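Structural characterization, general
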Amino acid sequence: MFNIKQNHMKKSTHYFLAILLLLTSCVSLDENPSSYMTTDQFYRNGADAVAAVNAIYHRMFTEELVLFNRQLMMYEMSTDDCTAGPRTRSAQVIDMSKLNHVSNNLAIEWTWKYTYDAINRANIAIDRIAEIPEEEIEETLRQRLINEAKFLRGWNYFNLVRWHGEVPLVLHETTSLSQEALNVSQATEEEIYRQIIEDLSDAEELPAPEEYNSNDAGRATSGAASTLLIKVYLTREEWNTAARKAEELISKGWHDLFENFEDVYNVATKNGREHIFSAQHKGNIGYDINHLAFTTAPVEFNGDYIDAPNHESGLFESFSEQDTRKYVTFVKEMTDPATGELITLSDIHWNKYWDPDTPYNQAESSKNLPLLRYADVLLMYAEASNELGNKQTAYTYLDKIRERAGIPLLQDIAPNLSVEEFRDSLFQERRKELALEYQRWFDLSRRGSEEYIKALRAAGKNNVAARHIRFPIPQRELDLNPNLKQIELWRSY
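Figured I'd write up the structure that's included with this text. (Residues numbered from 1 in each chain as written. Predicted model: local features only at pLDDT ≥ 70, side-chain atom pairs only at ≥ 80, totals over all residues. Heavy atoms only, no water.)

Some details on the environment of glutamine 92
Tracing the chain through its elements places glutamine 92 in helix α5 (residues 91-97). Here glutamine 92 is in contact with Asn105, Leu106 and Ala107, once residues within four sequence places are set aside. (Helix = DSSP H or I, 4+ residues; strand = E, 2+ residues; numbered from the N terminus. Contact = heavy atoms within 4.5 Å.)

Below you can see the structure in the form of structure tokens.
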């Protein structure tokens, strides 16, 4: 994988962005830092540019307890499938699980902070890499790095607009401490989506997957940008564009399903043909903790059991015994590698990120977290096709997923579903296929409050309300920035 971890970015490069001027909502600003590297000192050549973009990836995917290294699991707690486990110590996590989260919940505050931190790193990289003298950086590298930063910025804004709706849209480095510069007003959802689409469209100019070598595993590709764009258009219910983009990506032949579902999560097959974009983990390097593996690991081997399946949700029971995904996703029995003893676990546990090579310390798990994969592209194509009335195409691409799972094809058992019935079947298939991959909350919320409430009540979370299809803007941000307004769904809470 590409080297974003060596010596923690050799510290001087890892920390340089942490002390740059950020949004007022992210950090307290010091007008006269006395001993830190500045952007003017740093962006001198291609190596500096690579380090700067690596720092965005690091903030989003590998740094401890940030964003995709478990922080987003706090938001998955607000779904039907997840709940706080018996050893959860954090009141914030418990509140999210019980749908008691409010605007001063620290989990929401931290996620906002980390997301805008990553955005600001991307803004700085985009602006400053463009200014590096041409004799100090190859032009192809310059454009690739700028487009990688745009991909990451677009992804972060896509999360923000789905979580909160209207949020500040900041596209350049914050260079002033004036109130005008710091107190940024919210943009409309349409303005935010317009920028997301622009960033991801630029990022489609990134290299194809095969153009990278193994040392660059984990970098954004053209296929990753296209996959996120499909998801954007699907979220906006722009079915024609979503279907066209999915068809284009499928036709390029860059990706395919693994023959065996378990290979999606095996260490030996990570960054394989089905993986479009994955958060990279490599254990036993001293500081990179795989928090999602650690917090979902079975208690009998781990000693800490935080992120649990919600057993009232019926997800485990919804898999047939023939479904090859069932005991990759969940586990009931495990063999203790030290004794050879078969242990019946105290309850059903998540299993996707359990690494058998580090049975007693899942923090050192080398399993990647697949965030964009080909199975999702097929399901999105099926969804858009169904909404457009192209039923045969919808059945064909949904059934590719069921065929790999070893279960009867939907075409064979229910060939005449209405658009609404097919939609329900498709979202159930997404739920099974993509469980514990940070997809469920987004899928529920985009279906609207009625479907969200129905799903969560069926899973025993009876205090669910329409407001839970969004998260409140953190109270700290509202206090710091008088131009911010709480989103309408949360103004009375």
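That covers the picture; the talk isn't over yet.
Regarding the pairing of strand β2 (residues 275-279)
With five of five residues buried, β2 lies mostly within the body of the structure. Bridge count for β2 against strand β6 (residues 369-373) is four bridges, and the pairing is antiparallel. Opposite phenylalanine 277, over in β6, you have leucine 372 as the bridge partner. (Buried < 20%, exposed > 50% of the residue type's maximum accessible area, 1.4 Å probe, protein only. Pairing = 2+ DSSP bridges.)

Overview of the pattern of salt bridges
Per the counting criterion, the structure on display carries 41 salt bridges. Aspartate 199 is the salt-bridge partner of arginine 153, the closest N and O atoms lying 2.8 Å from each other. Note that arginine 153 is positioned in helix α7 (residues 139-164) and aspartate 199 in helix α9 (residues 189-203), a separation of 46 residues in sequence. Classification of arginine 153 by relative accessible area gives buried; the value is 4%. Residue aspartate 443 is joined to arginine 446 by a salt bridge in which the shortest nitrogen-to-oxygen separation is 3.3 Å. One end of the pair, aspartate 443, and the other, arginine 446, are both in helix α20 (residues 440-447), three residues apart, so they sit about a helical turn from each other. Each of Glu274, Asp323, Arg325, Lys352, Arg373, Arg402, Arg404, Glu429, Glu433 and Glu437 takes part in salt bridges that share partners, so that together they form one network. (Salt bridge = Lys/Arg side-chain N within 4 Å of Asp/Glu carboxyl O.)

Brief notes about unusual backbone geometry
Unusually for a residue other than glycine, arginine 70 sits at a positive phi of about 100 degrees. Mapped onto the elements, arginine 70 comes out in the loop between α3 (46-62) and α4 (73-76). For asparagine 271, which is not glycine, the phi dihedral falls at a positive 60 degrees. Among the structural elements, asparagine 271 can be located in the loop between α11 (239-252) and β2.

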